Structure formats: C-alpha cells, structure tokens
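Breakdown of the fold
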Amino acid sequence: MENPGVAPDQTATVVERTDVEAEVTPEMLAEEVTETPIILPYTEADVEALTKTVYGEALITHSDMEMAAVVWCVLNRVDSPLFRGDSILEIVTAPRQFHGYRESNPMDKHIESLVRDVLGRWVREKSGETDVGRVLPAEYLYFWGDGKNNHFTTEFQGGTEWDWSLENPYES
C-alpha cells in the first residue's frame with residue numbers, strides 16, 4: 001500500500017507507539033484550539049435590574065435561597081410565553097410587575113454575586129444541563145410577600161404555592 005505524500009521510490013514505515021507521551025508544544029495547542037465565543041442571554045443592565053429587584057423584593061428575608069427564588073421567578077417569566085418582553089430588563093421594568101424594583105435601589109455586592117450565580121445556573125440549564133441548583137421550578141411565575149417572606153405561586157391568584165422542597169445550594 002502506498003503512503004500519500006511519499007514518492008513511489010521511497011518507502012516509509014509508520015510505527016504508532018501508545019506507551020510514549022507525545023510532546024505538545026504551545027504552538028500545536030494554538031493550532032488545535034478554536035475558541036467559540038459564548039453569547040450570554042443577558043446583559044450587565046439585566047444584572048443591575050435583577051440586583052435592584054432582589055434588593056427591593058427580598059432583602060428583608062435575609063435568605064439567599066429566597067433571594068435566588070426572586071431571580072428564578074423573573075427568569076421563569078423571561079422563558080414563559082405568558083409574559084411580554086424580550087429581555088430580563090423588560091420583564092423587570094414592565095408596569096405593575098415587580099414593585100420592589102427601583103432604579104434608585106443600591107447595587108448590593110452580595111445580592112449581585114447571588115444574581116450572577118443564578119444567571120450562571122440558568123445559562124447552564126438553557127444549554128441542556130440538568131440539576132443546576134434551581135430553587136424554584138419553572139412553572140412558578142408569581143409571588144407575594146407578607147413582610148417577612150415571599151410566597152411563590154403558579155397562578156396570579158390561587159394556584160399552587162411553592163413548598164421549598166428543592167435542595168438549597170446556598171446554605172448547608
């Protein structure tokens with residue numbers, strides 16, 4: 001059998017050794033790696049709006065899980081055909097939706113970190129990963145507060161109230 005690239009009057013023997021590690025140079029890695037840019041489904045304005053929403057809607061709870069549930073509720077609406085809006089910012093700032101959102105609310109660093117964590121989980125879920133640490137199921141689109149806690153429901157009035165049965169990825 002002829003080897004392509006070898007003149008007919010030359011012979012070549014190829015020996016494949018599996019017991020020797022191949023030397024990989026940085027140049028070889030640069031040639032093999034192609035970076036695909038990741039396009040995130042949110043913007044920095046969305047992060048800011050979510051942070052300010054959580055500040056206004058759930059800071060009183062002092063619970064990372066309850067604050068994360070507010071973020072998941074917003075993201076559930078983004079993913080739901082029942083709500084108009086093409087972005088997180090549009091959902092958050094829609095009239096009569098999230099009363100705790102105020103442009104003047106501060107950018108609390110702890111809440112911002114929590115918001116970014118939930119957004120990362122959401123992106124992984126949208127990419128097909130399961131078990132991302134969701135704290136609120138996708139069908140929960142509404143909530144109301146009693147001054148101490150938020151209560152998440154599947155319907156605007158009535159429906160099933162969330163029982164907090166998912167594992168809490170934030171507190172042991």
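A short tour of the structure in this document, coming up. Computed from a predicted model, the values in this text were never measured in an experiment.

The tally for this structure, following the rule as stated, stands at six aromatic pairs. Here Phe 83 and Tyr 142 contribute two aromatic rings whose centre-to-centre distance is 5.8 Å and whose plane-to-plane angle is 55°, an arrangement assigned as tilted. Here Phe 83, found in the loop between helix H3 (64-79) and helix H4 (88-93), pairs with Tyr 142, found in strand E1 (residues 142-145); they are 59 residues apart in sequence, far enough to count as distant. With a centroid separation of 6.0 Å and 70° between ring planes, the pair formed by Tyr 142 and Phe 156 is classed as edge-to-face. Of this pair, Tyr 142 sits in strand E1 while Phe 156 sits in the segment after strand E2 (150-153), and the two are 14 residues apart along the sequence. On the accessibility criterion, Phe 156 (65% relative accessible area) is exposed.

With that settled, the discussion passes to the environment of Gly 85. Checked against the element boundaries, Gly 85 lands in the loop between H3 and H4. Those residues in contact with Gly 85 that lie beyond four places of it in its chain are Glu 90 and Ile 91.

Definitions and cut-offs
- Residues numbered from 1 in each chain as written.
- Predicted model: local features only at pLDDT ≥ 70, side-chain atom pairs only at ≥ 80, totals over all residues.
- Heavy atoms only, no water.
- Phe/Tyr/Trp six-rings, centres within 6.5 Å; stacked < 30°, edge-to-face > 60°.
- Helix = DSSP H or I, 4+ residues; strand = E, 2+ residues; numbered from the N terminus.
- Buried < 20%, exposed > 50% of the residue type's maximum accessible area, 1.4 Å probe, protein only.
- Contact = heavy atoms within 4.5 Å.

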